[in-house]
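Breakdown of the fold
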Amino acid sequence: MNAIVQAFKHIQIFRHREKNQKLSEFVLAHDASIAEDISRVKNQEKPQLPADAIAKEPPAMMPKPQLAADAIAKEPPAMMPKPQLAADAIAKEPPAIMPKPQLAPGEIGKEPPAIMPNVNSEEKPQRPPGEIGKEPPPNLPNIWIYDGEVYDLSDFIKRHPGGEFFIGRMKNRDITTLVNIFHPNPEKSKRVLKKYALGREARPEDVHPKYNAPPFLFREGFDGWRDTPKFNFQDKEQLLNRIKTRLNEPKMKKKIEQMDFVFDVVAIILFIVYILVQVLRLNFMQYMPIYLFVPLMAALRISLTGAGHYLIHRAQVRLNKVFAHIFDISYVPMAFVVTDGHTLMHHPFTQSQVDIKRNVFTAMLELPRFYRIPVHTVHKLGHVLTGMFVRLIEICTLGVKFGVKDMYGSWQRGFPHYVGTFGMRIILVGELILFWMHGDLGAWLAQFVLTLWISTFMIVASHDFEEEEADPSEDWAVSQIRNSYDLTMIGNKYIDCFLSAGLSPHRVHHVLPYQKSGFANIISEDIVREEAEKFNVVWSKPKNFFFDRLPILVKHYLLGPSRTAKENNFGLLKEHFHPQELIRSVKYVIQGFLGIGSI
């Protein structure tokens, strides 16, 4: 399977997209776990250049010898002897391009990231220009960054109440925002962190430049150290703290727990109904005609995806490691990888360069407009039949070789995640086989197409990803409200919570991503809205998915010309019959059966 991974990497279409930084076609090509392991393999096979070889590089790209990652790791910057750079070497470096000493990475760490409001500021400490976009060192240090300080949480992975995955995946990232938004009482978490402090400030080489994720998920030149937004959570009067203060009152906490329980009961009932509807269609067709079966199945699948949406936000412990994969039942997502990209990237850094959800829905824009529905549908059918199994086998193969303990603490702790993801995929294929054996494949295909396309558009319906990036200097909770929509389907919040895949109380969900259910979000809305009004935040009306959002999304994603047609001014006929467009469409279908292009 490793050979398959390497084959994917060398497909011409991948190299072309990376070269031109067209993120859209590859955003879905690899999950973060595979990318992390492939990066390790590549770095292990690539020997490091000796210092004298580095010195021979062109001056513009030449990192200062004293900035080498291994040298910094061995000795704190403050104690680093200055004679490290030979005088004759300095003489060979043109003064005009000689880096200023005050910008050395050892000095960068002395400025706490939390107080840097503008992530794009030229004054913000950065990696040397020649280092941006390069592969990280083969062995990044075992560190996590909080408020500009470095911690080693390796021994805490197994003890994390929220599950091993969330801590393991955040290695070599800044967890400041995560700690503050995913815990009702962040101060308790901060006290725990102190036990694992390493006593030094963070440096650029502590952060994986591409988040251990595929580089093509990000914009050209993206650098994790420089481009991760830094919000100031020290202000006790910020909106998030005011909301949590009211929600943490005993009476409100009890009410939220009750609503979580009701949400779970409804989810279980929906799953039972989901099974009964299929049983009726297969055995008592007269009681479940196709015109009733198809919309019912689409509604039930999307509703169960709504339940899974909240399960991937809950602590990944015990049976939740298995049940969270019900998120995949709508054919569109893959919880095994979405938990990172959605929970750990999209939610804390909405509308920023870290938010990879900005790019996950643009692959089909490479296709000629009238091919998109049939070609993308067959592409996703390929995922159901073989593609996701290829992906999962690759993940398992690479997991055996690298990083399982780093991610989960042990194989035993990670195993339920694998059981859940394989189990969900077997269920999806098993249903298809049952309907085929009963001679009712048409009904299955009809519900598949309807579910697929409604779910696909819902991914981008609750944000306007064409707007400018969020302002990181803004209050975090204020930013979340201003960059999110609430969706309505039929007008009832509790029903819409499921029919919208959990996106009905979306603004509250983004402000309080740690809450366990959509019903908890609904009863918290009054508090969030009242406190937001004190910050002059306009609480706009929810948007109807079918009338407010769907027409705009259809026009943009289905009716616009392909990118190649735009670039070359192709007419309608040439757009659909040009050899390059036809080849791209065929490749897109094949990629579905190989597991490329999933979320």
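Each chain has its residues counted from 1, running along the sequence as written. The predicted origin of the model limits local features to residues at a pLDDT of at least 70 and limits the giving and counting of side-chain atom pairs to 80 or more, whereas totals for whole chains, interfaces and linings rest on all residues. Side-chain measures were taken over the full set of non-hydrogen atoms in the model, leaving aside hydrogen atoms and water.

**Here's the deal with the overall build of the chain**
Only DSSP runs of H or I with at least four residues qualify as helices, and only runs of E with at least two residues qualify as strands; both kinds are numbered from the N terminus onward. Each helix and strand in the chain was counted, giving 28 helices and five strands. Using a 1.4 Å probe on the protein chains alone, a residue whose accessible area is under 20% of its type maximum counts as buried, one over 50% counts as exposed, and one in between counts as partly exposed. When each of the 599 residues of the chain is scored for burial, the buried share is 55%. Here, two residues are considered to be in contact whenever any of their heavy atoms come within 4.5 Å of each other. In the chain, the share of contacts with a sequence separation of at least 24, taken over all contacts with a separation of at least 6, comes to 77%.

**Let's talk about the nonpolar core**
What makes a nonpolar core is a set of buried Ala, Val, Leu, Ile, Met, Phe, Trp, Tyr and Cys residues whose side-chain atoms join them at distances within 4.5 Å. Core analysis: the largest hydrophobic core is formed by 122 residues, its most contacted members being L153 and L512. For this core, the element with the most residues is helix α20 (residues 441-461), which contributes 11 residues. Setting aside anything within four residues of it in sequence, one finds L512 in contact with L240, I243, L247, N521, S524 and V528. Formed by six residues, the second largest nonpolar core is a distinct cluster that contains I145, V150, V207 and W225.

**Focus on a positive patch on the surface**
Nonpolar side chains (Val, Leu, Ile, Met, Phe, Trp, Tyr) within 5 Å and like charges within 9 Å form the patches, drawn only from residues with over 30% relative accessible area and no salt bridge. For the accessible areas, the method is Shrake-Rupley and the probe is 1.4 Å, while residue cover comes only from the protein chains on display. Basic side-chain nitrogens of Lys or Arg form a salt bridge, by our definition, when they fall within 4 Å of a carboxyl oxygen of Asp or Glu. Neither His nor the chain termini are counted; the positive set is Lys and Arg, and the negative set is Asp and Glu. Here the site of a charge means atom NZ of a Lys, CZ of an Arg, CG of an Asp or CD of a Glu. Judged by side-chain charge, K158, R159, K195 and K405 come together as a positively charged surface patch. For K405, the location among the structural elements is in helix α18 (residues 404-408). Judged by relative accessible area, which is 64%, K405 ranks as exposed.

**Observations concerning the side chain of S189**
One can find S189 in helix α10 (residues 186-193). Judged by relative accessible area, which is 17%, S189 ranks as buried. If we skip the residues at most four places from it in the chain, S189 touches V179 and H183.

**Some details on the packing of helix α13 (residues 250-283) against helix α19 (residues 411-437)**
Axis lines are fitted to C-alpha atoms, over the contacting stretch for helices. Their N-to-C directions set the angle, which ranges from 0 to 180 degrees. For the pair α13 and α19, the least separation of the axes is 10 Å and the interaxial angle reads 20°. By the angle class used here, α13 and α19 are roughly parallel. Judged by the sense of rotation from one axis to the other, the crossing of α13 with α19 is left-handed. Residue-level contacts link Y274, Q278, R281 and L282 of α13 to E431, L434 and F435 of α19. Working definition: roughly parallel below 35 degrees, roughly antiparallel above 145 degrees, roughly perpendicular at 65 to 115 degrees, and oblique for all remaining angles. By convention, the crossing between two helices is left-handed when the near helix turns anticlockwise from the far helix through less than a right angle, and right-handed when the turn is clockwise.

**Section: the pattern of salt bridges**
Two side chains that carry opposite charge are able to pair once their charged atoms sit near each other. Under the counting rule described, the total for this entry stands at 26 salt bridges. R246 is the partner of E530 in a salt bridge, and the nearest nitrogen-oxygen pair spans 3.0 Å. Placement of E530 in helix α24 (residues 518-533) and of R246 in helix α12 (residues 239-247) is noted, with a sequence separation of 284 residues between them. For E530, a relative accessible area of 34% translates into the label partly exposed.

**Details of α24**
An α-helix turns once every 3.6 residues. As a result, residues three or four positions apart point the same way. When the terminal C-alpha atoms of α24 are compared, their 22 Å separation across 16 residues agrees well with the 22 Å that a helix rising 1.5 Å per residue should span. Note that the bend at a residue is defined as the angle between axes fitted to the seven residues ending at it and the seven residues starting at it. Of all the bends found along α24, the most pronounced is centred on S524 and spans about 45°. For α24, a buried count of 12 out of 16 residues is recorded, marking the element as mostly surrounded by other parts of the structure. Contact partners of the buried residues in α24: α12, α13, α14 (290-311), α21 (476-482), α22 (493-499) and α23 (506-511). A helix is expected to span 1.5 Å for every residue after the first.

**Concerning a nonpolar patch on the surface**
Taken together, the side chains of F261, V262, V265, I269 and V273 make up a nonpolar region of the molecular surface, amounting to roughly 410 Å² of accessible area. Within the element layout of this structure, F261 appears in helix α13.

**Thoughts on the sheet that holds strand β1 (residues 144-146)**
Read from one edge of the open sheet, three strands run β1-β2-β3, paired in antiparallel fashion. Looking along the sheet, the strands with just one partner apiece sit at the ends: β1 and β3 (197-201). With strand direction ignored, the average angle separating the axes of adjacent strands in the sheet is 35°. When DSSP locates at least two bridges between a pair of strands, those strands are taken to pair. Where β1 meets strand β2 (residues 149-151), three bridges bridge the pair, whose relative direction is antiparallel. Across the sheet, residue I145 finds its bridge partner in β2, namely V150.

**Quick word on the packing of α14 against α20**
One way to put it is that α14 packs onto α20 with a least axis distance of 9 Å and a crossing angle of 40°. Judged by the angle between their axes, α14 and α20 are oblique. The two elements α14 and α20 cross, and the hand of that crossing is right-handed. Facing α14, whose interface residues are I290, F293, V294, P295, M297, A298, R301 and I302, α20 presents A443, A446, Q447, L450, T451, I454, S455 and M458.

**Regarding α12**
The set of residues buried in α12 consists of L239, L240, I243, K244 and L247. One face of α12 carries all of its buried residues, which in axial projection span an arc of 125°. Arc definition: it is the arc formed by the directions from the helix axis to the C-beta atoms.

**What about the confidence of the model for the chain?**
It should be kept in mind that the predicted coordinates are not to be read in detail where pLDDT is low. For the chain, the mean per-residue pLDDT works out to 79, and 74% of the residues sit at or above 70. By definition, pLDDT measures how confident the predictor is in each residue, and it falls between 0 and 100. Low pLDDT, under 50, characterises residues 1-124; the predicted model gives this stretch 201 contacts beyond four residues in sequence or across chains.

**Some points on the environment of N320**
The residue N320 is located in helix α15 (residues 320-323) in this model. Along the backbone, N320 and G308 are 12 residues apart, and their C-alpha atoms lie at a distance of 9.8 Å. Sequence-distant contacts of N320, that is, excluding residues within four places in its chain, are made with L311, R314 and A315.

**Overview of the environment of V404**
With respect to the helices and strands, the residue V404 is situated in helix α18. A relative accessible area of 6% means that V404 is categorised as buried. Considered as a pair, V404 and F415 are 11 residues apart in the sequence and their alpha carbons are 9.8 Å apart. When near neighbours in sequence (up to four residues on either side) are disregarded, V404 contacts G399, G409, S410 and W411.

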